[in-house]
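# Results of the structural survey
Chain residues, written in single-letter form:
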Amino acid sequence: MTPSSTKWMICGLLLAMVLSFATIDIPFTKPEGWPEPTYDFSKNPMAAEKVELGRQLFYDPILSRDSTISCSSCHLQYTAFTHVDHDLSHGIDGRIGTRNSPTLMNLAWSPSFMWDGAVNHLDMQALAPINHADEMGEDFANVIHKLQQSDKYVSLFEQAFDDSGITGEYFLKALSQFELTLISANSKYDQVLRKEKDIAFTEQEAKGYSIFKTHCAACHQEPLFTNHQFKNNGLPVDTTLNDWGRMFVTKNPADSLKFKVPTLRNLEFSYPYMHDGRFKRIAQVVRHYTSGIQSGPTLAPVLKKPIELNKEEQIDLTAFLLTLTDKEFLFNPAHSFPRR
Amino acid sequence: MKKLVLLFIYLICSQLSINAQNKPLTINFVPSWAGQPIDIPSSQFDEKNKDSIQIESLRYYLSNIQLVKKNKVVWSEQNSYHLIDSESADSQILKLAIPKKIKYTTLRFQLGIDSTTNVSGAMGGDLDPTKGMFWSWNTGYINFKLEGSNQRCPTRKNQYQFHLGGYAYPNASIQQVELKVVPSADMVVGVNLDQFFDQINLQEQNSTMTPGPETQHLIQIAKEIFNVK
């Protein structure tokens with residue numbers, strides 16, 4: 001070995017060491033082949049202590065007025081962080097909100113939040129449930145005040161943000177960090193696409209995949225299974241709720257009945273479906289797209305032509321949708337209730 | 001290494017010399033009624049309607065403060081975001097430092113928070129969402145907030161609440177204010193609330209809480225109430 005190549009080797013080793021240390025401290029890794037995230041990490045650099053603080057906050061009912069409800073009351077890990085079995089999310093005093101809680105996954109790629117996109121940044125999202133009388137019924141400044149009285153949180157915030165002090169900014173950033181780690185990218189679908197050893201679609205799943213690409217992928221775009229746009233997918237309006245979706249934000253009639261295209265990952269466990277949770281089973285959703293589309297001035301053009309699928313094709317499509325289940329994500333202990 | 005030390009010394013010295021060439025400028029924002037300063041909360045007589053208007057609180061954001069001469073910006077404050085709150089006397093007095101030899105004729109600032117800041121996530125200081133100046137549903141900063149009561153308001157407890165904000169097209173509500181000033185170390189900017197109430201009808205306009213055309217109309221009235229005697 002020449003002296004100069006030894007030098008290079010040492011340099012390389014040092015570099016590798018630095019890089020490996022760097023990845024220990026950064027719990028955010030972009031899955032192979034995915035687009036760049038939209039979340040601006042430079043304003044909130046990831047750190048293990050911040051993620052842990054965010055996790056504690058996510059699971060702590062101290063965030064609600066009467067300390068009965070935490071974020072996880074409506075966003076449960078085993079159901080891809082949605083509220084299972086309730087169509088409309090239940091909040092404080094048993095009041096019923098007007099919308100179904102969405103799954104929380106791959107949020108680093110979302111440009112807007114809520115079914116109508118009313119929230120412009122992940123950091124600011126938590127203010128909505130905390131301040132909303134039907135959900136957690138608490139005042140944000142008071143939540144911060146309560147945390148300031150807690151020895152546990154004083155020390156957790158100190159570890160996470162070393163210039164210490166508990167502020168609204170730090171609270172929101174820590175909560176975001178935990179949510180940003182909720183990445184689901186290891187379903188059978190992902191493994192097949194990564195060409196992992198001994199993994200392949202069954203014939204039925206493969207047929208379903210091609211049906212999906214023809215009829216669904218325009219909106220439920222791979223690999224996130226959403227294009228993050230607002231569309232009217234032909235659901236008749238529920239007259240007990242009169243929820244006009246995106247129009248609430250833009251006040252533009254052209255946005256009436258448009259809702260954010262949701263991801264379809266972990267669909268098997270995230271029922272009930274749609275913004276108001278009107279469908280309990282995947283078969284009902286498929287039936288909606290094949291025979292339930294209601295026409296109207298804002299209906300998405302791609303859905304104007306009926307989607308014709310026979311019984312068998314519907315089953316194929318469903319089989320494909322079930323390959324989006326990511327058990328590793330749903331049971332990842334790093335995302336669950338912090339026991340300590 | 002020597003070079004680094006020199007650079008360091010140079011940087012410290014240049015920092016010091018900049019400071020040495022600066023002078024203080026304080027701007028005091030004083031709520032007033034019919035030309036007289038008032039302390040909020042306050043009850044004021046409305047000449048036009050012959051009744052009294054209760055003013056409970058007045059809070060607004062000022063940003064991007066600049067000094068201007070002949071339409072040229074001669075100084076602008078870095079990271080310029082201020083929440084002015086009638087309940088905190090300190091917040092109403094801005095303490096700035098400007099270059100000693102500067103000449104200017106106009107004070108310019110934005111009433112409200114720019115759209116980039118509105119979509120940049122959680123922030124601290126005066127922009128911390130615990131300040132109660134951030135909408136959690138349909139997110140964005142509230143640029144101007146005025147609350148109180150008057151018997152003409154057909155609302156609960158006769159309350160009026162003006163929460164004026166919105167940053168996205170077509171409902172952007174940030175306003176630029178320009179005031180002719182005579183250079184001085186202590187400036188006083190009056191915030192003439194009587195002028196605001198003169199131009200609205202409390203019977204019809206009393207609760208504005210979302211971005212939209214009404215908000216834009218009201219904040220254009222609000223932008224005119226700042227003046228320098």
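These numbers were taken from a predicted model, which means no experiment stands behind them.

## A look at the pairing of strand 10 (residues 140-149) of chain B
Strand residues, when the strand is regular, have side chains that alternate between the two faces of the sheet. Residues and elements named next belong to chain B. Where burial is concerned, most of strand 10 is hidden: 9 out of the 10 residues are buried. Pairing geometry for strand 4 (residues 51-69) and strand 10, over 6 bridges, is antiparallel. From the neighbouring strand, Arg59 faces strand 10, where its bridge partner is Lys145. Examined bridge by bridge, strand 9 (residues 134-135) and strand 10 share 2 bridges and lie antiparallel to one another.

## Notes on the domain arrangement of chain A
All names here are of chain A. Taken domain by domain, chain A comprises domain 1 (25-183) and domain 2 (188-327). On a C-alpha basis, the centroid separation for the pair domain 1 and domain 2 is 26 Å. Taken together, the 29 residues of domain 1 in the interface contact 27 residues of domain 2. Across the domain 1 to domain 2 interface the summed buried area is about 2,300 Å²; carbon plus sulfur atoms make up 61%.

## A short note on unusual backbone geometry
Geometrically, the link from Glu222(A) to Pro223(A) is a cis peptide bond, its omega value of 0° lying close to zero. With respect to the helices, strands and loops of the structure, Pro223(A) is situated in the loop between helix 10 (203-215) and strand 1 (230-231). Following Ile40(B), the chain continues to Pro41(B) via a peptide bond in cis, the omega torsion being 5°. Despite not being glycine, His228(A) shows a phi value in the positive range, around 60°. Position of His228(A) among the secondary structure elements: in the loop between helix 10 and strand 1. For His228(A), a relative accessible area of 17% gives the class buried. Even without being a glycine, Met274(A) presents a positive backbone phi close to 80°. Turning to its location among the elements, Met274(A) is positioned in the loop between strand 2 (259-260) and helix 12 (282-292). The exposure class assigned to Met274(A) is buried, which follows from its relative accessible area of 13%.

## A word on the interface of chain B and chain A
Residue-level contacts link 19 residues of chain B with 24 residues of chain A. Here chain B is connected to chain A by 10 residue pairs in polar contact (both at pLDDT 80 or more). A per-class count over the side of chain B that touches chain A returns 9 nonpolar, 9 polar and 1 charged.

## Side note on the side chain of Asp123(A)
Assignment of secondary structure puts Asp123(A) in helix 4 (residues 122-125). Only 2.6 Å separates the side chain of Asp123(A) from the side chain of Tyr39(A), close enough to count as a polar contact. Other than its neighbours up to four places away in sequence, Asp123(A) contacts Tyr39(A), Asn44(A), Leu172(A), Lys173(A), Ser176(A), Gly121(B) and Ala122(B).

## A few points about the packing of aromatic side chains
Under the criterion given, the structure shown has 36 aromatic pairs over all chains. A ring pair is formed by Phe196(B) and Phe197(B), whose centres lie 5.6 Å apart and whose planes are at 90°; its orientation type is edge-to-face. Comparing Phe196(B) with Phe197(B) shows no difference in burial state: the two are buried. A network of ring pairs unites the aromatic residues Phe29(B), Trp33(B), Tyr60(B), Phe109(B), Phe144(B), Tyr160(B), Phe162(B), Phe196(B), Phe197(B) and Phe226(B) as a single cluster. The ring of Tyr209(A) has Lys213(A) sitting right over it, with the charged end atom 4.0 Å from the ring centre.

What counts and what doesn't
- Residues numbered from 1 in each chain as written.
- Chains lettered and ligands numbered in written order.
- Predicted model: local features only at pLDDT ≥ 70, side-chain atom pairs only at ≥ 80, totals over all residues.
- Heavy atoms only, no water.
- Buried < 20%, exposed > 50% of the residue type's maximum accessible area, 1.4 Å probe, protein only.
- Helix = DSSP H or I, 4+ residues; strand = E, 2+ residues; numbered from the N terminus.
- Pairing = 2+ DSSP bridges.
- Domains from an automatic or database assignment.
- Contact = heavy atoms within 4.5 Å.
- Buried area = accessible area lost by both parts, 1.4 Å probe.
- Polar contact = N/O pair within 3.5 Å; in protein donor to acceptor, adjacent residues only side chain to side chain.
- Nonpolar A, V, L, I, M, F, W, Y, C, P; charged D, E, K, R; others polar.
- Phe/Tyr/Trp six-rings, centres within 6.5 Å; stacked < 30°, edge-to-face > 60°.
- Lys NZ or Arg CZ within 6 Å of the ring centre and 35° of its normal.

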